[in-house]
Amino acid sequence: MCGIAGIGFFTDHDKAEASVRSMTQAIQHRGPDASGLWMHESCMLGHRRLSIIAPDASGHQPMADASGQIWISYNGEIYNYKALRRELASLGCSFRTETDTEVLLQAWIQWGPDCLNKLDGMWAFAVLDLRTKQFFAATDPAGIKPFYYRNSPGKFAFASEIKALLQEGFSLNQREVARYLVWGQSDEGSETLLNEVHRLQGGHSLQLSLMRDESPRISRWHTLE
């Protein structure tokens, strides 16, 4: 289990680093072995790592490709990453680590969002492509690995757990609270018990331009047959 977090900021750039540090500290129990931060002019990614595959420093995140233009923060396990690595190598991709993180990153570079259909495992990840100033995130088909986000004027934030998104306070989503109290159900769709905080459902992806303040675009990439 690892933890991911980050902010796409359109205002208050100076507060971004402190905010993401606070977010990763809130989920440090998910990754006690290492923490990492990476900051760009329009985004900051954070990570808490539980070292399993390639437990040395080569597996630290956020991780970039060789060009330093594409960055990833990832939580999960890609069961078929060795087979994907061989396929990517046959297409000319080179690798610097033995991690499934780098395989996922190279798969994104090679196939874009279509790489999701090649993955076997459980995951939640976020990719920042500096070439296009696009942010992309996705969850596994069953939504095993969590991804929560909060979109507010001037800032988009995401994390593995809701507690990391409460720096700006919160208010209760009374409809969801009532549904929980009456039916014992909550967090089944995209809404949560808190207003403004949403869950990226299993089998869904999220895209956002970091060039302008906008709402994220949610798409369903997997349908259970």
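The structure this text deals with has already been given above.
Residues numbered from 1 in each chain as written. Predicted model: local features only at pLDDT ≥ 70, side-chain atom pairs only at ≥ 80, totals over all residues. Heavy atoms only, no water.

Caption draft 1: Seen up close, the overall build of the protein chain. The number of helices and strands found in the protein chain is 4 helices and 12 strands. The globule rule puts the C-alpha radius of gyration for 225 residues at 17 Å, and the 17 Å found for the protein chain is close to it. On the principal axes, the C-alpha backbone points of the protein chain span a range of 55 × 45 × 35 Å. Burial analysis of the protein chain (225 residues in total) assigns 50% to the buried set. Put simply, 56% of the contacts in the protein chain that link residues at least 6 apart link residues at least 24 apart. In the structure as shown, the protein chain presents an accessible area of about 10,700 Å², 49% of it carried by carbon and sulfur atoms. Counting 22 positive and 26 negative side-chain charges, the protein chain places the averaged centre of each group 1 Å from the other. (Helix = DSSP H or I, 4+ residues; strand = E, 2+ residues; numbered from the N terminus. Rg over C-alpha atoms; globule rule 2.2 N^0.38 Å. Buried < 20%, exposed > 50% of the residue type's maximum accessible area, 1.4 Å probe, protein only. Contact = heavy atoms within 4.5 Å. Areas by Shrake-Rupley, 256 points an atom, 1.4 Å probe, with all protein chains shown as cover. Lys, Arg positive; Asp, Glu negative; His and termini not counted. Charge placed at Lys NZ, Arg CZ, Asp CG, Glu CD.)

Caption draft 2: Structural view of the pairing of strand β11 (residues 204-209). A large share of β11 lies buried, amounting to 5 of its 6 residues. Pairing of strand β7 (residues 134-139) with β11, which is carried by 5 bridges, proceeds in the antiparallel orientation. Across the sheet, Q134 pairs through a bridge with S209, a residue of β11. Bridge count for β11 against strand β12 (residues 217-220) is 4 bridges, and the pairing is antiparallel. For Q207, the partnering residue across the bridge sits in β12 and is R217. (Pairing = 2+ DSSP bridges.)

Caption draft 3: Main features of the nonpolar core. Residues I72, Y74, I78, L116, L119, W123 and F125 are the most contacted members of the largest nonpolar core, which totals 24 residues. Sorting the residues of this core by element identifies β5 (70-78), α2 (81-90), α3 (100-111), β6 (121-129) and β7 as the ones contributing at least two each. Broken down by element, the residue count for this core peaks at 5 residues, all from α3. In contact with F125, not counting residues within four places along its chain, are I4, I72, S73, Y74, L104, L116, F136, A137, A138 and F147. Counting 20 residues, the second largest nonpolar core, distinct from the first, contains A64, A137, F147 and L210. (Core = buried A, V, L, I, M, F, W, Y, C linked by side-chain atoms within 4.5 Å.)

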